[in-house]
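# Chain and residue survey
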Amino acid sequence: METGHSALYALLDLRNRQPDQAGRDRVDEQIRERFGARRAILIGDMSGFSKRTKAHGILHFLSVIRRMHGLLQPVLERHGQLTKWEADNLYASFDHPSIALTATVELHQVCRAHNLQRAPEEHIVMSFGIGWGDVLDLDGHDYYGDEVNLASKLGEDIASRGQTLLTAAAVADAEVPGGHFLEQHSVRISGLELPYFSLEVIR
C-alpha cells in the first residue's frame, strides 16, 4: 500500500479526473476513510531567528536549533508524536489537547532550565500554537486541516516569546494544567475574527 503523501497525491489526482461532483464526493470519502483522524496539533517556533542570525551568523543559530532538537524531542515523544522539524519550527501531534497542553508546560520548563546555564545568545525560547479537531493524518508524517492552519498561525505568527496559544476548539475540550488559567483574545485575519486563548501562569 502506498503511504503518506504519495497515497494522498494519487487520490487527489483521481479526484481531479472526475467529471462531476458526485465523482469528487466519492473520492473525498475515500480520502477521509484513508486519512481521517482526530488529533491535537502542536506547532512551535523558536524566537529570535533574524536578530541572532544577523548578530552571530547562521552557523551559530543552526547550532542552537540542533541543541533545541535534542532538548525538546524527548518531551514530545514522551507525550505524543513528533511529526517533523522544519528549521526552527517543530510539528507534533497528540491524542488530546489536554496532553498537548501538559507537553507545552514541560517544554517551556526544560527551556528555562537550559537557559539558566547559558549566555543570552544561546537561549532557547519557544512559542506554541495548539489546534484540535478532524485532520488528514498522512501516516504521522504530516497533517492537513483547518485546525492545523490555525495552530500554525497562532504558534508562528501571533504568539509572543514563551507563549502557548490555543484555538477555541482546543480549549473546548482541554483540561487546564494546575497552576495555570486561560485568557481569551481575538485577532482579525483576512477579514475574519479569530478567537484564541493564551495559557497563563497563576501568580
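All of the points below concern the structure found in this document.

Thresholds applied
- Residues numbered from 1 in each chain as written.
- Predicted model: local features only at pLDDT ≥ 70, side-chain atom pairs only at ≥ 80, totals over all residues.
- Heavy atoms only, no water.
- Axes fitted to C-alpha atoms, helices over the stretch in contact; angles between N-to-C directions.
- Helix = DSSP H or I, 4+ residues; strand = E, 2+ residues; numbered from the N terminus.
- Parallel < 35°, antiparallel > 145°, perpendicular 65-115°, else oblique.
- Left-handed = near helix turned anticlockwise from the far one by under 90°.
- Contact = heavy atoms within 4.5 Å.
- Nonpolar A, V, L, I, M, F, W, Y, C, P; charged D, E, K, R; others polar.
- Buried < 20%, exposed > 50% of the residue type's maximum accessible area, 1.4 Å probe, protein only.
- Pairing = 2+ DSSP bridges.
- Patch = residues over 30% accessible without salt bridge, like charges linked within 9 Å, V, L, I, M, F, W, Y side chains within 5 Å.
- Areas by Shrake-Rupley, 256 points an atom, 1.4 Å probe, with all protein chains shown as cover.
- Salt bridge = Lys/Arg side-chain N within 4 Å of Asp/Glu carboxyl O.
- Core = buried A, V, L, I, M, F, W, Y, C linked by side-chain atoms within 4.5 Å.
- Polar contact = N/O pair within 3.5 Å; in protein donor to acceptor, adjacent residues only side chain to side chain.

### Brief notes about the packing of helix α4 (residues 58–79) against helix α5 (residues 97–115)
Packed helix pairs are characterised by how far apart their axes lie and by the angle those axes make with each other. Packing of α4 against α5 brings their axes to within 10 Å, and their N-to-C directions diverge by 150°. Of the possible angle classes, the one that applies to α4 and α5 is roughly antiparallel. In terms of crossing hand, the pair formed by α4 and α5 is right-handed. Between α4, through Arg67, Leu71, Leu72, Val75, Leu76, Arg78 and His79, and α5, the contact on the second element is made entirely by Ile99, Thr102, Ala103, Glu106, Leu107, Val110, Cys111 and His114. Looking at the contact of α4 with α5 residue by residue, the classes come out as nine nonpolar, three polar and three charged.

### Focus on the environment of His108
Here His108 shows up in helix α5. Linking His108 and Gly162, residues 54 residues apart in sequence, is a C-alpha distance of 7.0 Å. With sequence-adjacent residues up to four places away left out, His108 is seen in contact with Met126, Phe128, Gly162, Gln163 and Thr164.

### Side note on the pairing of strand β3 (residues 89–94)
With six of six residues buried, β3 is to be regarded as a mostly interior element. Judged by which residues are buried, β3 turns out to be covered on both faces: Asn89, Tyr91 and Ser93 on one side and Leu90, Ala92 and Phe94 on the other are all buried. As paired elements, strand β1 (residues 36–46) and β3 share six bridges and run antiparallel to each other. Along β3, the bridge assignment pairs Asp45 with Asn89. As defined by bridge partners, strand β2 (residues 81–86) adjoins β3 across five bridges and the pair is classed as antiparallel. Note on β3: the bridge partner recorded for Glu86 is Asn89. Where β2 folds back on β3, the antiparallel hairpin that results is connected by two residues, among which Ala87 adopts a positive phi of roughly 55°.

### Considerations on a nonpolar patch on the surface
Side chains of Tyr9, Leu12 and Tyr144 sit close together on the surface and give an oily, nonpolar patch of about 280 Å² of accessible area. By secondary structure assignment, the location of Tyr144 is in strand β5 (residues 143–144).

### Examining the packing of helix α1 (residues 4–16) against helix α2 (residues 21–35)
Contact geometry of α1 with α2 gives a least axis separation of 9 Å together with a crossing angle of 170°. The orientation of α1 with respect to α2, classified from their angle, is roughly antiparallel. As for the relative orientation of α1 and α2, their crossing is right-handed in sense. Here α1 contributes Gly4, Ala7, Leu8, Leu11, Leu12, Leu14 and Arg15 to the contact with α2, which in turn contributes Arg24, Val27, Asp28, Gln30, Ile31, Arg34 and Phe35. Residues that form the contact of α1 with α2 fall into these classes: eight nonpolar, two polar and four charged.

### Details of the nonpolar core
In terms of nonpolar packing, the biggest core is built from 31 residues, with Leu42, Met46, Leu76, Phe94 and Met126 touching the most fellow members. At the level of elements, β1, α4, β3, α5, β4 (126–137), α7 (168–173) and β8 (192–201) are the ones that each hand at least two residues to this core. With seven residues, the single largest contributor to this core is α4.

### Some thoughts on the side chain of His114
Structurally, His114 can be placed in helix α5. A distance of 3.0 Å separates the side chain of His114 from the side chain of Asn115, its partner in a polar contact. When near neighbours in sequence (up to four residues on either side) are disregarded, His114 contacts Arg67, Leu71, Glu122 and Ile124.

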